[in-house]
Amino acid sequence: MSTEIKHTDRAHALLSASSASRWLACTPSPRLEEQFEDEGSEYAAEGTLAHEIAELKLRKHYTEPMGPQKFAAQIRKFKKHELFQDEMLKHTDTYLEYIQGITHGFKTLPFVAIEKRLDFSAYVPEGFGTGDCIIIGESKLYVIDFKYGKGVPVSAEDNPQMKLYGLGAYLEYGFLYDIKEVQMVVVQPRLNDEPSEATLPLNELLAWGEEIKPVARKAFKGEGDYVPGEHCKFCKAKAQCRARADQYTALEDFKSMKPPLISDEEVGQILEKAQNLEAWVKALKDYALTESLKGKEIPGWKAVEGRGSRSYVDQDKAFDHLKEKGIDEAILFERVPLTVPKLEKELGKKEFTSLLKDHVKKSPGKPTLAPISDKRKAVTVSPEAGEDFK
Ligand code: SF4
């Protein structure tokens, strides 16, 4: 098995792969974002740590440059990190096992590259990113992305980030290997039991690359219209962006509508406009609080001290004291049964299924409203069944 290891720093291009769904939809956003400082988050730091553990495990498996002692010493180092969680070991194992499943399935030995800098600047000006794992074998190129976040589920289907990585990997290795199709995979073990996979014939991927070239050029120059949408969520301008504000303040227009009852069509339009309203208001509040704390005046608003909370100075000492004073230990602790998802997490999927498959039932979820683009199929209920559903 040929293997290449290259640890790259995770620097970001102006038109990064991870923000591609944003700049493809709202081309001037990357240049607008330039005036904002990069505020790293704890989630991002946690993700970086999990990636480093994942990288170490892949490196150990595919290059074997270290014995068990060296590996254990490295893991001990990670364990000392303030953001380390035990579950990082389990989730990085899931990632490793998935990759092993692919590489062991080949008749001939595949090529594997880990943490590979991928240059897709032939399609996107100055575009590059880091591919977590690239595998090439039997005319198939795999681009695998490990995501440690659990806030937003990420699908590999029609995912511009994964397609850009695919293009970058093809540009890097296409002259060495006869690649006919590209499989893009997102492994997000904290959120999805199964990785999300999508396969594209190479010619379709290359055609998509040609399609986005002019859009990328526009984005690089900061041209085009500001287009608000779901992609605003991670934009640095999300609180102050005028196009986003106009989108929601335009809800006022509906006031002038006649007759007194709005139509179903208007209900659909208002809901569409209001979809990200809550997130926008939160972004505005976060911005106004940060600025108020800096001493800036946001007319009509101020920062105040929130409600405090009480906690034990030393819980063990407090409880020992209570027991000495004759308080029964039973009232100090609650015994709560684990929910099905939590128990499955504790036992692992395999053991959970073998022990409990006859003891767990799945009830249908409560109907919920979703945009027409949602992948789930539409449901209806008859008036009689409606009562049961409630
Ligand atoms: S907030 Fe939304 S509309 Fe405004 S620049 Fe960012 S992505 Fe574009």
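For clarity, every value in this text was computed on a predicted model and none was experimentally measured.

(A) Examining the nonpolar core more closely. Within the largest apolar cluster, 33 residues are counted, with the highest numbers of intra-cluster contacts made by Trp23, Val124, Ile134, Leu141, Val143, Leu164 and Val182. Mapped onto this core, the elements with two or more residues apiece are helix H1 (20-25), strand E2 (111-119), strand E3 (128-137), strand E4 (140-146), helix H6 (160-173), strand E5 (181-187), strand E6 (196-201) and helix H7 (202-221). Beyond its immediate sequence surroundings of up to four residues, Val143 is in contact with Cys133, Ile134, Met162, Tyr165, Gly166, Ala169, Val182, Gln183, Met184 and Val185. Membership of the second largest hydrophobic core comes to 30 residues, among which are Leu49, Leu83, Tyr95 and Phe106.

(B) Fine view of the side chain of Lys163. Counting through the fold element by element, Lys163 comes out in helix H6. Ignoring anything within four residues of it in the chain, the contact list for Lys163 reads Asp158, Met184, Leu200, Leu205 and Trp208.

(C) Representation of unusual backbone geometry within the structure. One non-glycine residue, Glu138, lies in positive phi territory at about 45°. Here Glu138 is to be found in the loop between E3 and E4. Residue Glu138 is classed as partly exposed on the basis of its relative accessible area of 44%. Even without a glycine there, the phi angle at Asp158 is positive, about 50°. Looking at where Asp158 falls in the secondary structure, it is placed in the loop between E4 and H6. Accessibility expressed as a relative area gives 59% for Asp158, which makes it exposed.

(D) Focus on a nonpolar patch on the surface. Nonpolar side chains collect at one region of the surface, where Ile262, Val267, Leu271 and Leu369 lie side by side and expose about 370 Å² of accessible area between them. Following the sequence through the fold, Ile262 ends up in the loop between helix H8 (242-249) and helix H9 (264-274). Residue classification places Ile262 among the partly exposed positions, given a relative accessible area of 42%.

(E) Layout of the site of the ligand. Near the ligand the following residues occur: Arg22, Cys26, Ser29, Leu32, Tyr226, Val227, Pro228, His231, Cys232, Cys235, Lys238 and Cys241. Here the residues of the shell around the ligand sort into eight nonpolar, two polar and two charged.

(F) Broad picture of the packing of aromatic side chains. Summed over all chains, the structure comprises seven aromatic pairs. Taking 5.4 Å as the distance between ring centres and 75° as the angle between the ring planes, the aromatic pair formed by Phe319 and Phe333 counts as edge-to-face. Taken together, the positions of Phe319 in helix H11 (residues 315-324) and Phe333 in the loop between H11 and helix H12 (340-347) put the pair 14 residues apart, joining distant regions of the chain. Phe319 gets classed as buried once you look at its relative accessible area, which sits at 8%. Taken together, the ring pairs connect Tyr95, Phe146 and Tyr148 into an aromatic cluster. Sitting above the plane of the Phe220 ring, Arg31 keeps its charged end 4.8 Å from the centroid.

Here is what the cut-offs are and how they apply
- Residues numbered from 1 in each chain as written.
- Predicted model: local features only at pLDDT ≥ 70, side-chain atom pairs only at ≥ 80, totals over all residues.
- Heavy atoms only, no water.
- Core = buried A, V, L, I, M, F, W, Y, C linked by side-chain atoms within 4.5 Å.
- Buried < 20%, exposed > 50% of the residue type's maximum accessible area, 1.4 Å probe, protein only.
- Helix = DSSP H or I, 4+ residues; strand = E, 2+ residues; numbered from the N terminus.
- Contact = heavy atoms within 4.5 Å.
- Patch = residues over 30% accessible without salt bridge, like charges linked within 9 Å, V, L, I, M, F, W, Y side chains within 5 Å.
- Areas by Shrake-Rupley, 256 points an atom, 1.4 Å probe, with all protein chains shown as cover.
- Salt bridge = Lys/Arg side-chain N within 4 Å of Asp/Glu carboxyl O.
- Near = heavy atom within 4 Å.
- Nonpolar A, V, L, I, M, F, W, Y, C, P; charged D, E, K, R; others polar.
- Phe/Tyr/Trp six-rings, centres within 6.5 Å; stacked < 30°, edge-to-face > 60°.
- Lys NZ or Arg CZ within 6 Å of the ring centre and 35° of its normal.

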